[in-house]
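Residue-level structural notes
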Amino acid sequence: MSDVVPFRSPRARAHESTALVGMIIFVASWAMMFAALFFAYGMVRSRAAAWPPDLLRLPLGLPALNTAILAASSLALELGLRAVQGNRARVAGALRIGAAALLGAAFLALQTVVWLSVWAGGLRADSGPYASVFYGLTWVHAAQVAIGLVALAWIALRAARGTYSPARHLTVRLWTIYWHFVGVVWALMFVAVFLV
Amino acid sequence: MNSLVRLASGLSLLLWAGVAHAAPKPETAWGLPHDASVNGHLIDWLINSTSVFVGLLFAIMVIWMLWACIKHGADHPAEYDHGDGKHHITVALSISAAIFFVVDGNLFYNAMVDVRGQFWNFDKPESHPQAVRIEVNAHQWAWDARYAGPDGRFNTADDIVTLNDLRVPVGTPVLVQLASTDVIHSLYLPNFRIKQDAMPGMINRMWFQAKETGEFDIACAQHCGVAHYKMKGQLTVLPRSDYDAWVGRASAISSVAFDAKDDKAHWGWAWKPN
Amino acid sequence: MNESSAYQDLQPIHPEPASFWRRCVFSTDHKVIAKQFLWAGLLFLLFGGLLAMMIRWQWAYPGEKVPGMGAVLSRSGGVITPSAYNTIFTMHGLIMIFFAITPIMIGAFGNFCIPLMIGARDMAFPALNMISFWTFLVSQGLVIASFFVQLGSAAAGWTTYPPLSTQIGTPGTGQTLVVLAIFVTGVATIMGSINYVTTVIRLRAPGMTYMRMPATVWGLWLTAILNVLFVPVLGSAALLLLFDRAFGTQFFIAGAAAVKGGGDPLLFQHLFWIFGHPEVYILILPAWGIATDLLSFFARKPAYWFKGSVIAMTAVTILSAVVYGHHMFVTGMNPLLGQSFMLLTLIISVPAELLFLNWLHTLWKGSIRLTVPMLFALGMVFVFGLGGLTGLYLGTVSTDLYLHDTMFVVGHFHYTMAAASFLASFGALYFWFPKMFGRTMNEGLGKIHFWGSVVFITLVFGGQMLVGYAGQQRRLYDPYQYTFLAHLRPLNQWTSFFAFALGLSQLPFIYNFFQSVFAGAKAEQNPWQVGTLEWTLPSPPPHHNFDTIPTVLRGPHEYSNPEVKKALGRDWIGQTENLPTGATSGAVAGTGGE
Ligand code: HEA
Ligand code: HEA
Ligand code: CUA
Ligand SMILES: [Cu+2]
């Protein structure tokens, strides 16, 4: 993937693959949690008389835009990772990772707008199963976005400080995996909660 | 709870004080409670036959362990054997298979027959001409029961409504449809070997058939809060004639007690078809 | 050998930190974290045990003053009220499962055994390991706190079924704090389990093939895999329940209490048991592993068809994911679904039977040494026989119609968890104590502790089964309210007396434990004469465990091998030992599986 093939000591390589194995197991675990949430969504919906209830419509535009934003953010981060691996961490890497973080922040901002507008539209957390699914699922997802945000901002800074080299940038790789996962979950959620 | 419903059931109780005051007979010996149902013996037999198998296995296991501990102690030279030879494996597998086919096989086969033929076979009672239908609404911490009354329709003026008091005729299948208004309860008839959860937002069903008259406990089997331990009622099994007589009188009283404006009292639902 | 020297480089030796805090409190050393989990777990085991004693008191003397509890139950003048009783059994169950047995068996022995037995210098992620413990401690703190808020702690049963567990059934902060505690302890468990799984995959010493791993490690590893996959499901159930309690969402609320249709109380039961059934194997798999090893060690005989036992444990691990419906037979589930769950449940008994057969064959023609750990292992097999076999009655739909939610279920799971996992944990403690603390425990007191425990455990939980067979429901503040249960009072009373005796027979252990930790005789390196890696290290092992990462030559159960006897004059050989003269190590390495 990267043009320069840097030398990495056996220890560093072993350390990396161990970390990657751990990350994969973590993602599997995290995925099970969302699998359970979607299972809940399915069961609640299958019992509901009308879905969505009484003519109520969730906004589509903003969530769609948000999906695009998150995708862009994932892309930016991936490019950032490539930059780090291509020994261009200080400028290109930092900027791209920073961009990914900003896009993530934008996602949260828009998501808040969606929540507020829906709330103002009369769909409260306590107005029944439909609202429960809408708020419950998006809340949990927003939480993991927030976690990712903090991490991205942090590694963007460290990239700018030149902490990462083609040989040493494991943290960036791990958080990239996490962030892609966050994106995928959102895509599923967009389809399940807003589209169908 | 609505006072008129109480009054109604109270009156009907008074009418049949003789029956109502006769309490269930206490059990005398340990072991399964007295079986008053037509199908209970199926479960009892399956439990007890399994106990024989299981007891045998357990005895073998214990004797084997004791024997080894006594005979093959520190002074006995251990045999060097990884037990992964072909014949070892074949023996181990075939013993497990044998245990499975005998013990679990017996359980599975009979359970399938009993469940499909009796306990969960609702065509049987539904198709019975004289079957008794009762709607039960559980709530913290009591059982409301509702009989359709002469018009055969639920949630109407002539419904018989009772509190913690089920009356059924002997020898005819009794169908119960169950709901709950607050938390999960479980309608449990120990002397009939069955129970069924009462779920909020769901209508569950169960059926049983008494083989003898008498009074029996109705228990709640699902933890439902502070008074779970005394959420009990009484099931009275009457001779058919007494039962019919009771239905007549009780529905008469109920129509008097009926209050069209009191929604709380109309918790019933149209009987759910099979 | 140069293969091994490469390994030396992969796991660098970090010098032991100098400061007391980094060494003993915020330590990343798996051996220290293991001890921290052990203390935290034992303390809560005591707590849960005392709650159990109160349950038994209530059933022996309903509504009578509990001796010595006047201060605790001051508001009710020393008697247990119905609501207090609900809190007592709920917290007894939750504490024992999540905050006592789990930290002891998985937290303590998982941490201690895995790196030492596979030849690693520490866990894969030592820092994560430390965070896992402190997160767990937070959850224990939440549990304690829940007792001091208004309306007291959780009271909806350990299964926390809504709607009872929502504001409708149990208002008050206590229930919320406990649900939060379950979520937090879940997070801790996941961190720990990611560590265990990765460590086993990545840090096995050269030559330590999967089939050469001790059964203990196998059990802990499979348990960790189940934890990683199914604790998140419990996590999301707890999360949604918290939303329902705190923000008025309606995932689980239905019926009169619900606005606009409402959610589905059954949904929670699905989520809970999708986790909950694997959880019960989470609690038994390490016990199975420990028993498999101890039986072989002290029968001085190779574990019989070790590969078969490993396959059986793996099969149970996989099957455990598809039987959970047997907890919900009477919830009104689709009959076909119920019948399928019955079949799958019964199938799970096959690998269990295989495991038993292997254990019995391991004992047969052995040279059995009835040390304290061995006694506990044998006791575990004995009580698990009872627990496992009683599971069959429950797995069968028709018999479960009668037995569900009776004390028969309670007896079943006490024989399996409270007896089998409980005894196995103590077996492990007596066995590894010398390695953990570098001191030896008193043999005589250990034997008293064993006989007291195993005898009274059998009687207490047998008493539970009998009243269950007679139809007594669970979770009854006063069973004798029911006419059909009134005659069970004497039986319950005797069960209670045995339970108090069981409680008392833990005292010798408590004394023995403290006495040995602080003043026990110095332990030698390999007191049990066994061949697994941890016994090649001094007791206690140094901070970095292995000066040089060993190269493993054979399986963990190489006992009474005539070749070894000839060459070394003893009935055991270490997993890393070279056979000096003549006999090629290959001949021995070959056995024990590849
Ligand atoms: C460590 C925990 C543990 C273990 C290992 C098990 C093991 C099993 N359990 Fe248990 N179970 C629980 C803990 C456990 N359980 C708990 C906590 C609950 C209740 C939760 C609640 O409601 O509060 C429960 C409830 C429970 C239910 C629900 C009951 C109900 O609510 O109505 C069922 C139903 O199928 C069940 C079945 C089984 C089965 C079939 C096994 C099988 O795995 C058993 C397999 C073992 C054997 C079949 C025995 C082996 C064979 C022999 C001993 C013979 C050997 C002799 C020779 C070979 C000669 N269990
Ligand atoms: C592994 C879990 C576990 C363990 C070990 C136990 C142990 C015991 N349990 Fe428990 N029990 C449960 C899990 C467990 N239980 C669960 C899940 C429930 C269901 C709850 C519900 O329905 O919601 C339950 C419910 C339950 C009930 C039914 C309550 C009801 O339905 O109303 C009863 C009644 O007899 C009971 C009794 C006992 C007894 C007498 C013990 C005895 O074995 C206790 C003996 C142990 C001790 C006395 C502790 C001694 C202390 C030490 C050895 C530590 C030493 C300390 C230091 C060295 C610091 N338990
Ligand atoms: Cu109603 Cu228990
Ligand atoms: Cu189960």
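Scroll up a little and you will see the structure.
Attention in this report is confined to the structure presented alongside it. (Residues numbered from 1 in each chain as written. Chains lettered and ligands numbered in written order. Predicted model: local features only at pLDDT ≥ 70, side-chain atom pairs only at ≥ 80, totals over all residues. Heavy atoms only, no water.)

**Here we look at the coordination of the iron atom of ligand 1**
- Counting protein donors around the iron atom of ligand 1 gives one, His412(C) (NE2), at 2.2 Å.
- A spacing of 4.5 Å is found between the iron atom of ligand 1 and the copper ion (ligand 4). (Donors = N, O, S within 2.8 Å, 3.2 Å for Na, K, Ca; no water.)

**Comments concerning the site of ligand 1**
- Contacts to ligand 1 come from 31 residues, most closely from Trp158(C), Tyr281(C), Asp400(C), His404(C) and His412(C).
- Ligand 1 sits at a junction of chains, with neighbouring residues supplied by chains B and C.
- In this structure, a nitrogen atom belonging to ligand 1 sits 3.0 Å away from a side-chain N or O atom of His412(C).
- Elements supplying a minimum of two residues to the shell around ligand 1: helix H8 (265–298), helix H11 (349–363), helix H12 (372–395) and helix H14 (407–437) of chain C.
- Per-element tally for the shell around ligand 1: the top contributor is H12(C), with seven residues. (Near = heavy atom within 4 Å. Polar contact = N/O pair within 3.5 Å; in protein donor to acceptor, adjacent residues only side chain to side chain. Helix = DSSP H or I, 4+ residues; strand = E, 2+ residues; numbered from the N terminus.)

**Structural notes on unusual backbone geometry**
- Along the chain, Gln140(B) connects to Trp141(B) via a cis peptide bond; the corresponding omega equals -10°.
- Summarising the element assignment, Trp141(B) is placed in the loop between strand S1 (132–139) and strand S2 (142–147).
- The omega torsion across Pro162(C) and Pro163(C) is 0°, close enough to zero to call that bond cis.
- Position of Pro163(C) relative to the elements: it lies in the loop between helix H5 (126–146) and helix H6 (173–202).
- Phi is positive for Asn87(A), close to 60°, though the residue is something other than glycine.
- Here Asn87(A) shows up in the loop between helix H2 (61–85) and helix H3 (89–120).
- At Gln529(C), a residue that is not glycine, the phi angle is positive and equals roughly 55°.

**Digging into the pairing of strand S8 (residues 204–209) of chain B**
All names here are of chain B.
- The buried fraction of S8 is high, at five of six residues.
- The sheet contact formed by strand S5 (residues 173–180) and S8 spans six bridges and is antiparallel. The residue bridging Leu175 from the neighbouring strand is Trp207, located in S8. (Buried < 20%, exposed > 50% of the residue type's maximum accessible area, 1.4 Å probe, protein only. Pairing = 2+ DSSP bridges.)

**Side note on the interface of chain A and chain C**
- The interface is formed by 30 residues belonging to chain A together with 34 residues belonging to chain C.
- Summed over both partners, the interface of chain A with chain C comes to about 2,900 Å²; 75% of that surface belongs to carbon and sulfur atoms.
- Along the contact surface separating chain A from chain C lie one salt bridge.
- Across the contact surface, chain A and chain C share seven residue pairs in polar contact (both at pLDDT 80 or more).
- Elements with a minimum of two residues in the side of chain A that touches chain C: helix H1 (10–47) and helix H4 (129–160) of chain A.
- Broken down by element, the residue count for the side of chain A that touches chain C peaks at 20 residues, all from H1(A). (Contact = heavy atoms within 4.5 Å. Buried area = accessible area lost by both parts, 1.4 Å probe. Salt bridge = Lys/Arg side-chain N within 4 Å of Asp/Glu carboxyl O.)

**Side note on the coordination of the copper ion (ligand 4)**
- Within the protein, His277(C) (ND1), His326(C) (NE2) and His327(C) (NE2) serve as the donor atoms for the copper ion (ligand 4), at 1.9 to 2.1 Å.
- For the copper ion (ligand 4), the single-chain donor residues occur in sequence as H-x48-H-H.

**Focus on the site of ligand 2**
Residues and elements named next belong to chain C.
- Close to ligand 2 lie 36 residues, the nearest being Tyr85, His92, Trp158, His414 and Arg475.
- At 2.8 Å, a side-chain N or O of His414 approaches a nitrogen atom of ligand 2.
- Listed by contribution, the elements that provide at least two residues to the shell around ligand 2 are helix H3 (30–60), helix H4 (82–118), H14, helix H15 (443–469), helix H16 (489–504) and helix H17 (507–519).
- Counting residues per element, the shell around ligand 2 draws most heavily on H3, which supplies nine residues.
- Considering only residue class, the shell around ligand 2 consists of 25 nonpolar, eight polar and three charged. (Nonpolar A, V, L, I, M, F, W, Y, C, P; charged D, E, K, R; others polar.)

**Focus on the sheet that holds S2(B)**
Residue and element names in this part refer to chain B.
- Judged by pairing direction, the sheet is mixed, and its five strands sit side by side in the order S3-S2-S1-S5-S8 without closing on themselves. Taken across any chain shown, the strands that pair with only one partner, and hence form the sheet edges, are strand S3 (160–163) and S8. On average, each strand axis in the sheet is inclined to that of its neighbour by 25°, with strand direction left out of account.
- Pairing of S1 with S5 involves seven bridges; the strand directions are parallel. For Ala138, the partnering residue across the bridge sits in S5 and is Ser180.
- Running over the sheet, helix H6 (residues 240–257) touches S1, S2 and S3 and is turned about 100° from S3. (Axes fitted to C-alpha atoms, helices over the stretch in contact; angles between N-to-C directions.)

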